[in-house]
Amino acid sequence: MLKFVSGAVALRPAALLCRSATTSRSAATSGRAVRSSVARAIQQQRNISLFSKSKPQEDVTAVVEEDAKAIVASVLEPVLNPPTSFTVPVFDWAKNQVGTVELPKHIFGVRVRPDLLHRYVVWHRANKRLGVAKMKSRSEKSGAARKIRPQKGQGKARTSTIRAPQKRGGGRAIPKRQKDWSFKMSIKTRHLALKSALASKFAQNKLVILNDTEAGMSGKTKDLEASLKNWGWDSVALATQPGNNEKIVRASRSNIKVKTFAHSHWNVYDILKKKTLVLTPKALEWLAQQYPPLGVPKPAL
């Protein structure tokens, strides 16, 4: 009911409560807005004062330019905490240091990408699958196609030919077929995976540089086994140097601890599978030529 009081309409108590609640909500919202605006103003003032104390105003453009260059460089050539020194010692098979060599920073200093390494290993193993499994279906099995017995009248279960899958010697219901498991991977992705594998070995201190893989080798497996024992290697991936590598290849042919590959045929799967990676200075030169830094053209063959 409405009640007229001195020319105005007296609202019900519920309506008064709704109006008061609405007023309180609007007041709270406006209060929060005011507090947030004040906080933003204070923060801006602090940033301005801090910036004015640490950086001159005329250096703002230079700082922004340096940050932009750093971001672009991190995108083009991803490097995450690269090593400070890329100079490594060079040894011989007798474990004597004979010199030093400088590793290419754009190869051994890139950020390790486990996702690309995983993709490469899956791609490599998929390409190695032969996919020659073949089974015969009921239409390919030998035997008559006639019905074994009549459908009705003998009191036995209904059946079809002797080539049915439920019969002994019959065809498979879902036979295996020859399949190509390989898939494509771009060359740039493979190159970046190779750089990640080499950088991971260098970061883990599992990279050794030998001056010559043929020097001191007799071509016998027992001599190579003695050298591996002297170095303490039980799993080695060795990149042979350009030229004649008959001795090291013959000595490691029957040794499962060593996996040798040519300096021009790098395999990320073999590098990751073995614990230690052994290279030569000539192999490093070939790497630097085939994978130049960004912006440097590749030399013609």
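Check the entry above for the structure.
Reading the values: the criteria
Residues numbered from 1 in each chain as written. Predicted model: local features only at pLDDT ≥ 70, side-chain atom pairs only at ≥ 80, totals over all residues. Heavy atoms only, no water. Core = buried A, V, L, I, M, F, W, Y, C linked by side-chain atoms within 4.5 Å. Buried < 20%, exposed > 50% of the residue type's maximum accessible area, 1.4 Å probe, protein only. Helix = DSSP H or I, 4+ residues; strand = E, 2+ residues; numbered from the N terminus. Contact = heavy atoms within 4.5 Å. Patch = residues over 30% accessible without salt bridge, like charges linked within 9 Å, V, L, I, M, F, W, Y side chains within 5 Å. Areas by Shrake-Rupley, 256 points an atom, 1.4 Å probe, with all protein chains shown as cover. Salt bridge = Lys/Arg side-chain N within 4 Å of Asp/Glu carboxyl O. Lys, Arg positive; Asp, Glu negative; His and termini not counted. Charge placed at Lys NZ, Arg CZ, Asp CG, Glu CD. 1 Å grid on protein atoms, 1.4 Å probe; cavity = no way out; pocket = protein on both sides within 12 Å on 5 of 7 lines; lining within 4 Å. Points joined across faces, edges and corners; volume = space filled by probe spheres on them. Nonpolar A, V, L, I, M, F, W, Y, C, P; charged D, E, K, R; others polar. Phe/Tyr/Trp six-rings, centres within 6.5 Å; stacked < 30°, edge-to-face > 60°. Polar contact = N/O pair within 3.5 Å; in protein donor to acceptor, adjacent residues only side chain to side chain. Arc of directions from axis to C-beta. Pairing = 2+ DSSP bridges. Axes fitted to C-alpha atoms, helices over the stretch in contact; angles between N-to-C directions. Parallel < 35°, antiparallel > 145°, perpendicular 65-115°, else oblique. Left-handed = near helix turned anticlockwise from the far one by under 90°.

Ranked by size, the top nonpolar core spans 32 residues in total, and within it L103, F108, L198, I209, W266, L279 and L287 carry the most contacts. With five residues, the top contributor of residues to this core is helix 5 (residues 187–203). Apart from residues no more than four positions distant in its own chain, L279 is found in contact with F108, L207, V208, I209, L210, A239, W266 and L284.

On to a positive patch on the surface, then. Taken together, the side chains of R125, K128, K259 and K273 present a region of like positive charge at the surface. Considering the arrangement of structural elements, one finds K273 in helix 8 (residues 268–273). What makes K273 exposed here is its relative accessible area of 56%.

It is worth spelling out the layout of surface pockets at this point. Taken as a whole, the second largest pocket spans an internal volume of roughly 200 Å³. For the second largest pocket, the full set of lining residues is Y120, W123, I187, R190, H191, L194, S264, H265, W266, V268 and Y291. At the level of elements, helix 4 (114–128) and helix 5 are the ones that each hand at least two residues to the lining of the second largest pocket. Broken down by class, the residue content of the lining of the second largest pocket amounts to seven nonpolar, three polar and one charged.

Before going further, it helps to spend a moment on the packing of aromatic side chains. Under the definition given, this model contains seven aromatic pairs. Pairing F86 with F202 gives two aromatic rings, centres 5.7 Å apart and planes at 25 degrees, and the pair type is stacked. On the criterion of sequence distance, the pair formed by F86 in the loop between helix 2 (60–76) and strand 3 (87–91) and F202 in helix 5 is long-range, its members being 116 residues apart. In this structure F202 comes out as buried when scored by relative accessible area, which is 12%. Taking 6.4 Å as the distance between ring centres and 65 degrees as the angle between the ring planes, the aromatic pair formed by W93 and W233 counts as edge-to-face.

Before going further, it helps to examine the pattern of salt bridges. Two side chains bearing opposite charge may form a pair once their charged atoms approach each other closely. One pass over the full model with this rule turns up six salt bridges. Taking the shortest distance from any N to any O, the salt bridge between D234 and K275 comes out at 3.5 Å. Of this pair, D234 sits in the loop between helix 6 (221–231) and strand 6 (236–239) while K275 sits in the loop between helix 8 and strand 8 (276–279), placing them 41 residues apart in sequence. A cluster of three or more residues bridged by salt bridges with shared partners is formed by K134, E140 and R177.

The next subject is the side chain of H106. For H106, the location among the structural elements is in helix 3 (residues 105–108). At 2.6 Å, the side chain of H106 forms a polar contact with the backbone oxygen of Y291.

Of all the residues in helix 9 (residues 281–290), the buried ones are A283, L284, W286, L287 and Q290. Burial along helix 9 is one-sided: seen end-on, the buried residues are contained in an arc of 160 degrees. The elements touched by buried residues of helix 9 are strand 4 (97–102), helix 3, helix 5, strand 5 (207–210) and strand 8.

Another point: the pairing of strand 4. Where strand 3 lies against strand 4, five bridges are found, and the strand directions are antiparallel. Directly across from P89, in strand 4, lies its bridge partner T100. Hairpin connection from strand 3 to strand 4: five residues lie between these consecutive antiparallel strands, with K95 at a positive phi of about 70 degrees.

Our focus in this paragraph is the pairing of strand 3. Pairing between strand 3 and strand 5: two bridges, direction parallel. Directly across from V90, in strand 5, lies its bridge partner I209.

The next subject is the packing of helix 4 against helix 5. At a minimum axis separation of 9 Å, helix 4 and helix 5 run at an interaxial angle of 115 degrees. Judged by the inter-axis angle, helix 4 sits roughly perpendicular to helix 5. As for the relative orientation of helix 4 and helix 5, their crossing is left-handed in sense. Side by side, helix 4 and helix 5 meet where L116, L117, R119, Y120 and W123 of the first sit next to T189, R190, L192, A193, S196 and A197 of the second.

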